[in-house]
Amino acid sequence: MAASAFPKIKKIRYEGPQSKNPLSFKYYNEDEVIKGKTMKEHLRFSVVYWHTFRNALCDPFGVGTAIRPWDDGTDSVKNAQTRARVAFEFIEKLGAPYYAFHDRDVAPEAKSLSKTNQNLDAVVKVLKAEQERTGINLLWGTACLFAHPRYMHGAATSCNADVFAYAGAQVKKALEVTKELKGEGYVFWGGREGYTTLLNTNLKREMDHLGQFLHMAVDYKKKIGFKGQFYIEPKPKEPTKHQYDSDVAACLNFLREYNLMDHFKLNVETNHATLAGHTMHHELEVASAAGALGSIDANTGDLMLGWDTDQFPTDVYLTAHCMLTILKDGGIAPGGVNFDAKVRRESFEPIDLFHGHIVGMDAFARGLRVAAAIRADGRLADFVEKRYSSWDEGIGAKIESGEVSFQDLENYILKKGKTAKNESGRQELLEGLINEFI
Ligand code: XLS
Ligand code: NI
Ligand code: NI
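What you see is a predicted model, and the numbers here were worked out from it, not measured in a lab.

Novice: For this particular structure, what's the right way to read the nonpolar core?
Specialist: In globular proteins that are soluble, nonpolar side chains generally tend to be buried together. If you look at the biggest cluster of nonpolar residues, it comprises 107 residues, and the most contacted ones within it are Tyr 99, Leu 127, Leu 266 and Phe 364. It is helix α12 (residues 350–377) that provides the largest number of residues to this core, a total of 11 residues. Non-local contacts of Phe 364, meaning those with residues more than four positions away in its chain, are made with Leu 43, Phe 45, Ile 296, Ala 298, Pro 313, Thr 319, Cys 322, Met 323, Val 337 and Phe 339. Of all hydrophobic cores here, the second largest spans eight residues; its members include Val 48, Ala 100, Leu 139 and Tyr 231.

Novice: How should I be thinking about the coordination of the nickel ion (ligand 2) in this particular structure?
Specialist: Expected angles at a metal are 109.5 degrees for tetrahedral coordination by four donors and either 90 or 180 degrees for octahedral coordination by six donors. Protein ligation of the nickel ion (ligand 2) involves Glu 233 (OE), Glu 269 (OE), Asp 297 (OD) and Asp 340 (OD), the donor distances falling in the range 2.0 to 2.1 Å. Counting gaps between the donor residues of the nickel ion (ligand 2) yields the pattern E-x35-E-x27-D-x42-D. The metal-metal distance between the nickel ion (ligand 2) and the nickel ion (ligand 3) comes to 4.1 Å, with Glu 269 coordinating both. With Glu 233 in the loop between β10 (229–232) and β11 (242–243) and Asp 297 in strand β13 (residues 293–297), this pair connects stretches of sequence that are 64 residues apart. Each member of the pair, Glu 233 as well as Asp 297, is classed as buried.

Novice: So what exactly am I meant to see when it comes to the site of ligand 1 here?
Specialist: Residues in contact with ligand 1, as listed here, are Trp 50, His 102, Trp 140, Trp 189, Glu 233, Lys 235, Glu 269, His 272, Asp 297, Asp 308 and Asp 340. Within the side chain of His 102, one N or O atom sits 2.7 Å away from an oxygen atom of ligand 1. At 2.7 Å from an oxygen atom of ligand 1 is found a side-chain nitrogen or oxygen belonging to Asp 340. Protein chains shield 93% of the accessible area of ligand 1, which is 290 Å² for the free molecule. Of the residues in the shell around ligand 1, the class split is three nonpolar, two polar and six charged.

Novice: Sorry if this is basic, but what is going on with a nonpolar patch on the surface here?
Specialist: There is a patch of nonpolar side chains on the surface, built from Leu 303, Met 304, Leu 305 and Trp 307 and spanning about 530 Å² of accessible area. Locating Trp 307 in the fold gives a position in the loop between β13 and α11 (316–328).

Scoring rules and cut-offs
Residues numbered from 1 in each chain as written. Chains lettered and ligands numbered in written order. Predicted model: local features only at pLDDT ≥ 70, side-chain atom pairs only at ≥ 80, totals over all residues. Heavy atoms only, no water. Core = buried A, V, L, I, M, F, W, Y, C linked by side-chain atoms within 4.5 Å. Buried < 20%, exposed > 50% of the residue type's maximum accessible area, 1.4 Å probe, protein only. Helix = DSSP H or I, 4+ residues; strand = E, 2+ residues; numbered from the N terminus. Contact = heavy atoms within 4.5 Å. Donors = N, O, S within 2.8 Å, 3.2 Å for Na, K, Ca; no water. Near = heavy atom within 4 Å. Polar contact = N/O pair within 3.5 Å; in protein donor to acceptor, adjacent residues only side chain to side chain. Areas by Shrake-Rupley, 256 points an atom, 1.4 Å probe, with all protein chains shown as cover. Nonpolar A, V, L, I, M, F, W, Y, C, P; charged D, E, K, R; others polar. Patch = residues over 30% accessible without salt bridge, like charges linked within 9 Å, V, L, I, M, F, W, Y side chains within 5 Å. Salt bridge = Lys/Arg side-chain N within 4 Å of Asp/Glu carboxyl O.

Next comes the structure, spelled out in C-alpha coordinates:
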(Lines give C-alpha, C1' and ligand atoms only; values in the text may rest on other atoms or scores of the structure.)
(Ligands and ions follow the chains in the order given, each with its own letter.)
Protein backbone atom coordinates (compact mmCIF):
# COMPACT_ATOMS: atom_id res chain seq x y z
CA MET A 1 0.00 0.00 0.00
CA ALA A 2 1.36 3.41 -0.98
CA ALA A 3 1.53 6.28 1.52
CA SER A 4 -1.79 7.85 2.46
CA ALA A 5 -2.82 10.93 0.48
CA PHE A 6 -5.04 12.13 3.33
CA PRO A 7 -3.09 11.05 6.41
CA LYS A 8 -4.87 13.40 8.80
CA ILE A 9 -8.36 12.41 7.75
CA LYS A 10 -10.12 9.46 9.32
CA LYS A 11 -13.25 7.78 8.06
CA ILE A 12 -16.08 10.35 8.03
CA ARG A 13 -18.74 9.33 10.55
CA TYR A 14 -22.25 10.37 11.42
CA GLU A 15 -22.20 12.56 14.53
CA GLY A 16 -25.66 14.12 14.29
CA PRO A 17 -26.90 17.70 13.85
CA GLN A 18 -25.35 18.92 17.11
CA SER A 19 -21.80 18.13 16.02
CA LYS A 20 -19.50 21.02 15.19
CA ASN A 21 -16.94 18.74 13.57
CA PRO A 22 -16.79 19.72 9.87
CA LEU A 23 -15.40 16.29 9.01
CA SER A 24 -18.55 14.48 10.16
CA PHE A 25 -22.02 13.92 8.82
CA LYS A 26 -24.81 15.81 10.54
CA TYR A 27 -27.69 14.15 8.64
CA TYR A 28 -26.31 11.28 6.57
CA ASN A 29 -26.45 8.21 8.79
CA GLU A 30 -25.86 5.43 6.28
CA ASP A 31 -27.40 2.55 8.27
CA GLU A 32 -30.46 4.42 9.49
CA VAL A 33 -33.60 2.90 8.04
CA ILE A 34 -36.16 5.20 6.44
CA LYS A 35 -39.28 3.60 4.98
CA GLY A 36 -37.78 0.13 4.82
CA LYS A 37 -34.42 1.04 3.28
CA THR A 38 -31.18 2.35 4.74
CA MET A 39 -30.11 5.86 3.80
CA LYS A 40 -27.22 4.28 1.94
CA GLU A 41 -29.63 2.24 -0.18
CA HIS A 42 -31.94 5.19 -0.81
CA LEU A 43 -29.26 7.64 -1.85
CA ARG A 44 -26.63 5.50 -3.58
CA PHE A 45 -24.06 8.32 -3.50
CA SER A 46 -21.41 8.41 -6.16
CA VAL A 47 -18.19 10.41 -6.55
CA VAL A 48 -17.16 11.56 -10.02
CA TYR A 49 -13.59 11.04 -11.15
CA TRP A 50 -13.45 13.94 -13.58
CA HIS A 51 -14.19 16.80 -11.21
CA THR A 52 -12.80 15.34 -8.03
CA PHE A 53 -9.54 13.86 -9.32
CA ARG A 54 -8.90 15.50 -12.71
CA ASN A 55 -10.16 19.03 -12.44
CA ALA A 56 -7.27 21.46 -12.00
CA LEU A 57 -9.78 24.20 -11.07
CA CYS A 58 -9.05 26.55 -13.93
CA ASP A 59 -11.57 29.00 -15.36
CA PRO A 60 -11.61 30.92 -18.68
CA PHE A 61 -9.44 33.62 -17.08
CA GLY A 62 -6.89 31.66 -15.15
CA VAL A 63 -4.90 28.48 -14.76
CA GLY A 64 -5.69 25.72 -12.31
CA THR A 65 -5.27 26.36 -8.61
CA ALA A 66 -5.80 22.86 -7.21
CA ILE A 67 -3.15 21.43 -4.91
CA ARG A 68 -3.03 17.66 -5.38
CA PRO A 69 0.23 16.48 -3.78
CA TRP A 70 -0.16 12.90 -5.01
CA ASP A 71 -0.21 13.98 -8.66
CA ASP A 72 3.26 14.24 -10.28
CA GLY A 73 1.88 16.43 -13.06
CA THR A 74 2.75 13.95 -15.83
CA ASP A 75 0.46 12.08 -18.15
CA SER A 76 2.06 8.73 -17.35
CA VAL A 77 0.18 5.52 -16.70
CA LYS A 78 2.02 5.24 -13.39
CA ASN A 79 0.69 8.61 -12.26
CA ALA A 80 -2.79 7.53 -13.38
CA GLN A 81 -2.50 4.36 -11.31
CA THR A 82 -1.37 6.27 -8.23
CA ARG A 83 -4.28 8.66 -8.70
CA ALA A 84 -6.67 5.70 -8.89
CA ARG A 85 -5.46 4.46 -5.51
CA VAL A 86 -5.83 7.95 -4.05
CA ALA A 87 -9.35 8.15 -5.46
CA PHE A 88 -10.30 4.99 -3.63
CA GLU A 89 -8.72 6.19 -0.40
CA PHE A 90 -10.84 9.33 -0.71
CA ILE A 91 -14.10 7.53 -1.57
CA GLU A 92 -13.54 4.97 1.18
CA LYS A 93 -12.91 7.62 3.83
CA LEU A 94 -15.95 9.52 2.62
CA GLY A 95 -18.12 6.40 2.72
CA ALA A 96 -19.72 6.74 -0.71
CA PRO A 97 -20.65 3.36 -2.18
CA TYR A 98 -20.13 4.32 -5.86
CA TYR A 99 -18.02 6.25 -8.33
CA ALA A 100 -18.29 7.19 -12.00
CA PHE A 101 -15.71 7.99 -14.69
CA HIS A 102 -15.02 8.78 -18.33
CA ASP A 103 -12.44 6.54 -20.04
CA ARG A 104 -10.05 9.48 -20.47
CA ASP A 105 -10.35 10.61 -16.85
CA VAL A 106 -8.74 7.48 -15.56
CA ALA A 107 -6.05 6.79 -18.18
CA PRO A 108 -4.05 8.92 -20.62
CA GLU A 109 -4.81 8.99 -24.31
CA ALA A 110 -1.86 7.86 -26.48
CA LYS A 111 -1.06 8.37 -30.16
CA SER A 112 -2.96 5.30 -31.38
CA LEU A 113 -6.24 3.77 -30.29
CA SER A 114 -4.57 0.45 -29.51
CA LYS A 115 -1.98 2.07 -27.23
CA THR A 116 -4.70 4.17 -25.60
CA ASN A 117 -6.68 1.00 -24.93
CA GLN A 118 -3.61 -0.59 -23.36
CA ASN A 119 -3.23 2.42 -21.07
CA LEU A 120 -6.86 2.08 -20.09
CA ASP A 121 -6.46 -1.62 -19.35
CA ALA A 122 -3.46 -0.90 -17.14
CA VAL A 123 -5.47 1.50 -14.97
CA VAL A 124 -8.63 -0.62 -15.04
CA LYS A 125 -6.59 -3.36 -13.39
CA VAL A 126 -5.94 -1.03 -10.46
CA LEU A 127 -9.56 0.14 -10.36
CA LYS A 128 -10.70 -3.46 -10.24
CA ALA A 129 -8.34 -4.35 -7.43
CA GLU A 130 -9.40 -1.25 -5.48
CA GLN A 131 -13.09 -2.06 -6.00
CA GLU A 132 -12.47 -5.53 -4.62
CA ARG A 133 -10.44 -4.21 -1.70
CA THR A 134 -13.01 -1.57 -0.68
CA GLY A 135 -16.39 -2.86 -1.89
CA ILE A 136 -16.92 0.44 -3.72
CA ASN A 137 -18.73 -0.13 -7.02
CA LEU A 138 -18.95 1.58 -10.38
CA LEU A 139 -22.28 3.41 -10.75
CA TRP A 140 -21.67 4.11 -14.41
CA GLY A 141 -18.98 4.43 -16.99
CA THR A 142 -18.84 6.71 -20.00
CA ALA A 143 -16.56 7.77 -22.83
CA CYS A 144 -15.15 11.25 -23.26
CA LEU A 145 -16.22 12.13 -26.80
CA PHE A 146 -15.65 15.85 -26.51
CA ALA A 147 -12.18 16.82 -25.22
CA HIS A 148 -9.88 15.65 -28.03
CA PRO A 149 -9.61 18.02 -31.05
CA ARG A 150 -10.87 15.25 -33.38
CA TYR A 151 -14.30 15.78 -31.81
CA MET A 152 -14.44 19.51 -32.62
CA HIS A 153 -17.53 19.00 -34.83
CA GLY A 154 -19.08 16.40 -32.56
CA ALA A 155 -18.65 12.63 -32.27
CA ALA A 156 -21.72 10.66 -33.42
CA THR A 157 -22.98 13.87 -35.08
CA SER A 158 -19.70 14.88 -36.69
CA CYS A 159 -19.73 15.85 -40.37
CA ASN A 160 -16.65 13.61 -40.65
CA ALA A 161 -17.57 9.91 -40.94
CA ASP A 162 -14.14 8.81 -39.70
CA VAL A 163 -14.76 10.68 -36.46
CA PHE A 164 -18.06 8.81 -36.05
CA ALA A 165 -16.10 5.59 -36.54
CA TYR A 166 -13.48 6.59 -33.96
CA ALA A 167 -16.21 7.45 -31.46
CA GLY A 168 -17.84 4.06 -32.04
CA ALA A 169 -14.56 2.29 -31.44
CA GLN A 170 -14.03 4.31 -28.27
CA VAL A 171 -17.50 3.55 -26.89
CA LYS A 172 -17.03 -0.14 -27.71
CA LYS A 173 -13.98 -0.24 -25.47
CA ALA A 174 -15.64 1.88 -22.77
CA LEU A 175 -18.56 -0.58 -22.68
CA GLU A 176 -16.18 -3.51 -22.34
CA VAL A 177 -14.35 -1.81 -19.49
CA THR A 178 -17.59 -0.83 -17.75
CA LYS A 179 -18.72 -4.44 -17.95
CA GLU A 180 -15.35 -5.66 -16.66
CA LEU A 181 -15.75 -3.39 -13.62
CA LYS A 182 -19.34 -4.57 -13.08
CA GLY A 183 -20.68 -1.07 -13.75
CA GLU A 184 -24.39 -0.72 -12.99
CA GLY A 185 -24.94 1.67 -15.87
CA TYR A 186 -23.48 3.56 -18.79
CA VAL A 187 -24.10 7.22 -19.63
CA PHE A 188 -24.24 8.97 -22.97
CA TRP A 189 -23.80 12.68 -22.50
CA GLY A 190 -23.65 14.24 -25.97
CA GLY A 191 -20.61 16.40 -25.27
CA ARG A 192 -20.48 18.15 -28.64
CA GLU A 193 -23.53 16.56 -30.23
CA GLY A 194 -25.16 19.77 -31.37
CA TYR A 195 -24.24 22.81 -33.44
CA THR A 196 -22.81 26.27 -33.10
CA THR A 197 -24.30 27.52 -36.38
CA LEU A 198 -27.07 26.10 -38.56
CA LEU A 199 -25.42 27.67 -41.60
CA ASN A 200 -22.98 24.75 -41.81
CA THR A 201 -25.19 22.06 -40.28
CA ASN A 202 -27.40 19.33 -41.71
CA LEU A 203 -29.45 18.88 -38.56
CA LYS A 204 -31.58 16.00 -39.81
CA ARG A 205 -28.57 13.99 -40.98
CA GLU A 206 -26.74 14.56 -37.70
CA MET A 207 -29.72 13.45 -35.61
CA ASP A 208 -30.13 10.33 -37.79
CA HIS A 209 -26.46 9.49 -37.21
CA LEU A 210 -26.87 9.87 -33.47
CA GLY A 211 -29.85 7.49 -33.60
CA GLN A 212 -27.74 4.95 -35.53
CA PHE A 213 -24.87 5.33 -33.10
CA LEU A 214 -27.08 4.58 -30.11
CA HIS A 215 -28.56 1.54 -31.86
CA MET A 216 -25.04 0.24 -32.43
CA ALA A 217 -24.37 0.71 -28.72
CA VAL A 218 -27.53 -1.24 -27.86
CA ASP A 219 -26.46 -4.04 -30.21
CA TYR A 220 -22.98 -4.20 -28.74
CA LYS A 221 -24.36 -4.19 -25.22
CA LYS A 222 -26.39 -7.28 -26.11
CA LYS A 223 -23.47 -8.87 -27.87
CA ILE A 224 -21.17 -8.69 -24.85
CA GLY A 225 -23.94 -9.38 -22.35
CA PHE A 226 -23.57 -6.10 -20.46
CA LYS A 227 -26.58 -5.87 -18.15
CA GLY A 228 -26.21 -2.28 -16.90
CA GLN A 229 -28.75 0.45 -17.57
CA PHE A 230 -28.12 2.87 -20.47
CA TYR A 231 -28.79 6.55 -19.79
CA ILE A 232 -28.91 9.72 -21.83
CA GLU A 233 -27.99 12.91 -19.99
CA PRO A 234 -29.85 16.02 -21.18
CA LYS A 235 -28.10 19.38 -21.46
CA PRO A 236 -29.24 22.34 -23.57
CA LYS A 237 -26.03 24.18 -24.38
CA GLU A 238 -22.34 24.39 -23.54
CA PRO A 239 -20.06 23.61 -25.23
CA THR A 240 -22.29 23.90 -28.32
CA LYS A 241 -24.91 26.62 -28.73
CA HIS A 242 -27.62 23.99 -29.08
CA GLN A 243 -27.18 20.42 -27.90
CA TYR A 244 -29.53 17.88 -29.48
CA ASP A 245 -30.28 16.36 -26.04
CA SER A 246 -31.43 19.74 -24.78
CA ASP A 247 -33.79 18.69 -22.00
CA VAL A 248 -35.74 15.67 -20.75
CA ALA A 249 -38.63 16.26 -23.17
CA ALA A 250 -36.28 16.59 -26.16
CA CYS A 251 -34.47 13.37 -25.15
CA LEU A 252 -37.74 11.48 -24.76
CA ASN A 253 -38.84 12.68 -28.18
CA PHE A 254 -35.51 11.62 -29.67
CA LEU A 255 -35.68 8.18 -28.06
CA ARG A 256 -39.23 7.68 -29.32
CA GLU A 257 -38.46 8.93 -32.81
CA TYR A 258 -35.50 6.56 -33.15
CA ASN A 259 -37.19 3.63 -31.45
CA LEU A 260 -34.83 3.55 -28.47
CA MET A 261 -37.26 4.04 -25.57
CA ASP A 262 -36.91 0.45 -24.34
CA HIS A 263 -33.17 0.75 -23.99
CA PHE A 264 -32.55 4.08 -22.29
CA LYS A 265 -33.47 6.02 -19.20
CA LEU A 266 -32.40 9.53 -18.33
CA ASN A 267 -29.61 10.79 -16.12
CA VAL A 268 -30.96 14.16 -15.03
CA GLU A 269 -28.60 16.91 -13.84
CA THR A 270 -29.70 19.94 -11.86
CA ASN A 271 -27.45 22.50 -13.51
CA HIS A 272 -28.48 21.26 -16.95
CA ALA A 273 -32.15 21.56 -15.99
CA THR A 274 -31.71 25.18 -14.98
CA LEU A 275 -29.64 25.99 -18.08
CA ALA A 276 -32.63 24.69 -20.05
CA GLY A 277 -34.93 27.07 -18.19
CA HIS A 278 -36.50 24.36 -16.04
CA THR A 279 -36.27 23.41 -12.41
CA MET A 280 -34.74 20.05 -11.51
CA HIS A 281 -38.10 19.14 -10.01
CA HIS A 282 -39.76 19.72 -13.39
CA GLU A 283 -37.21 17.61 -15.25
CA LEU A 284 -37.52 14.75 -12.76
CA GLU A 285 -41.32 14.82 -12.98
CA VAL A 286 -41.22 14.76 -16.80
CA ALA A 287 -38.80 11.82 -16.77
CA SER A 288 -40.82 9.99 -14.13
CA ALA A 289 -44.08 10.49 -16.04
CA ALA A 290 -42.49 8.70 -19.01
CA GLY A 291 -41.16 5.87 -16.84
CA ALA A 292 -37.66 7.04 -17.72
CA LEU A 293 -36.23 8.48 -14.52
CA GLY A 294 -32.93 6.66 -14.22
CA SER A 295 -30.28 8.47 -12.22
CA ILE A 296 -29.32 11.98 -11.17
CA ASP A 297 -26.24 14.14 -11.47
CA ALA A 298 -26.49 15.98 -8.19
CA ASN A 299 -25.15 19.50 -8.37
CA THR A 300 -26.45 23.03 -8.67
CA GLY A 301 -25.79 26.14 -10.73
CA ASP A 302 -25.62 29.73 -9.61
CA LEU A 303 -28.65 31.93 -10.23
CA MET A 304 -26.44 34.84 -11.22
CA LEU A 305 -24.17 32.90 -13.59
CA GLY A 306 -25.42 31.51 -16.88
CA TRP A 307 -23.13 28.52 -17.24
CA ASP A 308 -22.62 25.01 -15.94
CA THR A 309 -20.88 25.87 -12.67
CA ASP A 310 -21.44 22.34 -11.30
CA GLN A 311 -21.46 23.37 -7.64
CA PHE A 312 -22.15 20.99 -4.79
CA PRO A 313 -25.87 20.95 -3.95
CA THR A 314 -26.49 22.53 -0.55
CA ASP A 315 -30.04 23.86 -0.83
CA VAL A 316 -32.40 21.68 1.20
CA TYR A 317 -35.47 22.81 -0.78
CA LEU A 318 -33.76 21.53 -3.94
CA THR A 319 -32.83 18.18 -2.40
CA ALA A 320 -36.27 17.78 -0.80
CA HIS A 321 -37.95 18.36 -4.16
CA CYS A 322 -35.61 15.83 -5.81
CA MET A 323 -36.31 13.24 -3.14
CA LEU A 324 -40.08 13.79 -3.27
CA THR A 325 -40.09 12.78 -6.93
CA ILE A 326 -37.53 10.01 -6.48
CA LEU A 327 -39.50 8.42 -3.60
CA LYS A 328 -42.76 8.74 -5.54
CA ASP A 329 -41.02 7.06 -8.48
CA GLY A 330 -40.07 4.08 -6.29
CA GLY A 331 -36.42 4.96 -5.67
CA ILE A 332 -33.35 5.76 -7.76
CA ALA A 333 -31.77 2.28 -8.12
CA PRO A 334 -30.03 1.09 -10.23
CA GLY A 335 -29.13 4.76 -10.67
CA GLY A 336 -27.73 6.91 -7.92
CA VAL A 337 -27.13 10.38 -6.56
CA ASN A 338 -23.95 11.14 -8.48
CA PHE A 339 -22.08 14.29 -7.46
CA ASP A 340 -21.24 15.78 -10.84
CA ALA A 341 -19.89 18.71 -8.86
CA LYS A 342 -16.60 20.48 -8.36
CA VAL A 343 -15.21 22.60 -5.59
CA ARG A 344 -14.73 26.28 -6.41
CA ARG A 345 -11.43 27.52 -7.84
CA GLU A 346 -10.83 29.24 -4.53
CA SER A 347 -11.35 25.97 -2.60
CA PHE A 348 -8.07 24.53 -3.79
CA GLU A 349 -6.90 22.29 -0.93
CA PRO A 350 -7.44 18.52 -0.80
CA ILE A 351 -9.58 18.84 2.31
CA ASP A 352 -12.09 20.94 0.32
CA LEU A 353 -12.91 17.78 -1.64
CA PHE A 354 -14.16 16.31 1.64
CA HIS A 355 -16.09 19.44 2.60
CA GLY A 356 -17.85 19.58 -0.78
CA HIS A 357 -18.98 15.97 -0.66
CA ILE A 358 -19.90 15.95 3.03
CA VAL A 359 -22.07 19.01 2.62
CA GLY A 360 -23.69 17.57 -0.52
CA MET A 361 -24.36 14.22 1.15
CA ASP A 362 -25.83 15.91 4.20
CA ALA A 363 -28.04 18.11 2.02
CA PHE A 364 -29.41 15.02 0.24
CA ALA A 365 -29.80 13.13 3.51
CA ARG A 366 -31.87 16.04 4.81
CA GLY A 367 -33.84 16.13 1.57
CA LEU A 368 -34.56 12.43 2.00
CA ARG A 369 -35.69 12.87 5.62
CA VAL A 370 -37.89 15.84 4.69
CA ALA A 371 -39.45 14.09 1.68
CA ALA A 372 -40.09 10.89 3.65
CA ALA A 373 -41.74 12.91 6.43
CA ILE A 374 -43.92 14.83 3.96
CA ARG A 375 -45.02 11.56 2.41
CA ALA A 376 -45.74 9.98 5.80
CA ASP A 377 -47.74 13.07 6.83
CA GLY A 378 -49.85 12.63 3.69
CA ARG A 379 -51.42 16.10 3.51
CA LEU A 380 -49.58 17.10 0.34
CA ALA A 381 -50.49 13.93 -1.58
CA ASP A 382 -54.07 14.09 -0.26
CA PHE A 383 -54.40 17.65 -1.50
CA VAL A 384 -53.27 16.71 -5.00
CA GLU A 385 -55.50 13.65 -5.06
CA LYS A 386 -58.51 15.66 -3.98
CA ARG A 387 -57.73 18.39 -6.51
CA TYR A 388 -58.34 15.85 -9.28
CA SER A 389 -61.29 14.07 -7.66
CA SER A 390 -63.69 15.22 -10.41
CA TRP A 391 -61.87 12.68 -12.61
CA ASP A 392 -62.64 9.78 -10.28
CA GLU A 393 -66.34 9.49 -11.13
CA GLY A 394 -69.03 10.84 -13.44
CA ILE A 395 -67.98 12.59 -16.62
CA GLY A 396 -64.29 12.73 -15.59
CA ALA A 397 -64.05 8.95 -15.18
CA LYS A 398 -65.84 8.47 -18.51
CA ILE A 399 -63.41 10.79 -20.30
CA GLU A 400 -60.42 9.03 -18.80
CA SER A 401 -61.69 5.65 -19.90
CA GLY A 402 -62.05 6.95 -23.44
CA GLU A 403 -65.80 6.40 -23.68
CA VAL A 404 -66.89 9.89 -24.70
CA SER A 405 -66.79 12.14 -27.76
CA PHE A 406 -67.17 15.89 -28.25
CA GLN A 407 -70.84 15.18 -28.94
CA ASP A 408 -71.21 13.57 -25.50
CA LEU A 409 -69.42 16.53 -23.92
CA GLU A 410 -71.80 18.95 -25.59
CA ASN A 411 -74.81 16.92 -24.46
CA TYR A 412 -73.42 16.77 -20.92
CA ILE A 413 -72.79 20.51 -20.62
CA LEU A 414 -76.09 21.49 -22.28
CA LYS A 415 -77.91 19.31 -19.78
CA LYS A 416 -75.85 20.40 -16.77
CA GLY A 417 -75.81 24.12 -17.61
CA LYS A 418 -73.00 25.33 -15.31
CA THR A 419 -69.62 23.74 -14.55
CA ALA A 420 -68.89 22.73 -10.96
CA LYS A 421 -67.19 25.58 -9.11
CA ASN A 422 -63.37 25.79 -9.15
CA GLU A 423 -61.42 25.44 -5.93
CA SER A 424 -58.34 27.35 -4.81
CA GLY A 425 -54.91 25.98 -5.79
CA ARG A 426 -53.61 26.97 -2.30
CA GLN A 427 -50.01 27.42 -3.44
CA GLU A 428 -49.04 29.53 -0.44
CA LEU A 429 -50.57 27.09 1.99
CA LEU A 430 -48.65 24.21 0.36
CA GLU A 431 -45.39 26.13 0.42
CA GLY A 432 -46.00 26.68 4.11
CA LEU A 433 -46.63 22.97 4.52
CA ILE A 434 -43.21 22.18 3.00
CA ASN A 435 -41.65 24.70 5.39
CA GLU A 436 -43.11 22.79 8.34
CA PHE A 437 -40.76 19.94 7.48
CA ILE A 438 -37.59 21.83 6.53
C1 XLS B 1 -21.17 17.85 -18.52
C2 XLS B 1 -21.79 16.60 -18.08
C3 XLS B 1 -20.81 15.46 -17.92
C4 XLS B 1 -21.55 14.16 -17.86
C5 XLS B 1 -20.71 12.96 -18.13
O6 XLS B 1 -21.74 18.93 -18.42
O7 XLS B 1 -22.50 16.83 -16.91
O8 XLS B 1 -20.01 15.66 -16.80
O9 XLS B 1 -22.18 14.00 -16.63
O10 XLS B 1 -20.17 12.99 -19.40
NI1 NI C 1 -23.37 15.39 -15.66
NI1 NI D 1 -22.85 19.41 -16.19
